[in-house]
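Listed below are the residues making up each chain.
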Amino acid sequence: MRALLIDDEELARAEIRLLLGREADIDIVGESANAIEAIAAINHLRPDVVFLDIQMPRISGLEMLGMIDPDRLPRIVFLTAYEEYALRAFDANAFDYLLKPVQEARLAKTLERLRRPPAGVAPLPAEATQPLRHIPCTGLNRVHLMKLDEVEAVLSRASGVFVLGTDGEEHFTELTLRTIEERTGLIRCHRQVMVNPDRIRDIAFGDGGLATIHTLGGRAIPVSRRFLGSLKERLGIG
């Protein structure tokens, strides 16, 4: 079983790492100290289970869950120092939670359940299904949480997904177009492009059902035939 540890406290990660290291069938494939690192790790490492701290700075563990495509989401074991918070934070369908400091006997019960075949996908906690307030982006030695009003468009390329900001820059994000489409008000206008409707200056309609969006920042965003009808409907254009 491939496990990923996500906690902003090194001592907490060391504690669970030590306990899991005694289990012959548990392979710790990675560790992350924050939610943004964790999104990338889940996307690339594809763990079977994530031991996830609920209370992390900037982006909480619950917020992070809503930034991952459902088909990439592993089973989640929440870690928290506050039982009352844990019980409020997710519904009874969540897989499990462990109180810090983690007790070996309690962890053994969790592992026993994890070793059983999955009984379907548990729904996400309510707090993890709220609309995104920002899109986490990464760059050279920095992390930028872009507010949605700072986003003009989002573009998928072979090298990844990029957020086109009102600052004129492009910012890489680990979020997928699917997640952004489902969790924000951005509108898909092309198979590989989404646009912020609040940043549209005008739309130039061409021949054959094609169009081009001009943004307030001076960008030209393509609109494909496939998405032109739904775009016009979302914008209330006859």
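Every value quoted in this text rests on a predicted model; they were computed, and no experiment measured them.

Section: the sheet that holds strand E5 (residues 96–99)
Read across the sheet, five strands follow the order E2-E1-E3-E4-E5 without closing on themselves; strand pairing throughout is parallel. Single-partner strands in this sheet number two, and they are strand E2 (27–32) and E5. When the angles between neighbouring strand axes are averaged without regard to direction, this sheet yields 20°. Bridge count for strand E1 (residues 2–6) against strand E3 (residues 49–53) is four bridges, and the pairing is parallel.

Structural notes on the UniProt feature "modified residue: 4-aspartylphosphate" (unreviewed entry) in the protein chain
Listed under "modified residue: 4-aspartylphosphate" (unreviewed entry) in the UniProt record, and renumbered for this structure, are Asp53. Structurally, Asp53 can be placed in strand E3. Accessibility expressed as a relative area gives 3% for Asp53, which makes it buried. Leave out the neighbours within four places in its chain, and Asp53 touches Ile6, Asp7, Asp8, Gly61, Leu79 and Lys100.

Concerning the packing of aromatic side chains
As enumerated under the stated definition, the model contains one aromatic pair in all. Summarising the aromatic geometry, the rings of Phe162 and Phe172 are spaced 5.7 Å apart at their centres and angled 65° between planes, so their arrangement reads as edge-to-face. Of this pair, Phe162 sits in strand E9 (residues 160–165) while Phe172 sits in strand E10 (residues 170–173); the two residues are 10 residues apart in sequence, bridging distant segments of the chain. By relative accessible area, which is 15% here, Phe162 ends up buried.

How each quantity is defined
- Residues numbered from 1 in each chain as written.
- Predicted model: local features only at pLDDT ≥ 70, side-chain atom pairs only at ≥ 80, totals over all residues.
- Heavy atoms only, no water.
- Pairing = 2+ DSSP bridges.
- Helix = DSSP H or I, 4+ residues; strand = E, 2+ residues; numbered from the N terminus.
- Axes fitted to C-alpha atoms, helices over the stretch in contact; angles between N-to-C directions.
- UniProt positions renumbered as here; feature names shortened; annotations may be inferred.
- Buried < 20%, exposed > 50% of the residue type's maximum accessible area, 1.4 Å probe, protein only.
- Contact = heavy atoms within 4.5 Å.
- Phe/Tyr/Trp six-rings, centres within 6.5 Å; stacked < 30°, edge-to-face > 60°.

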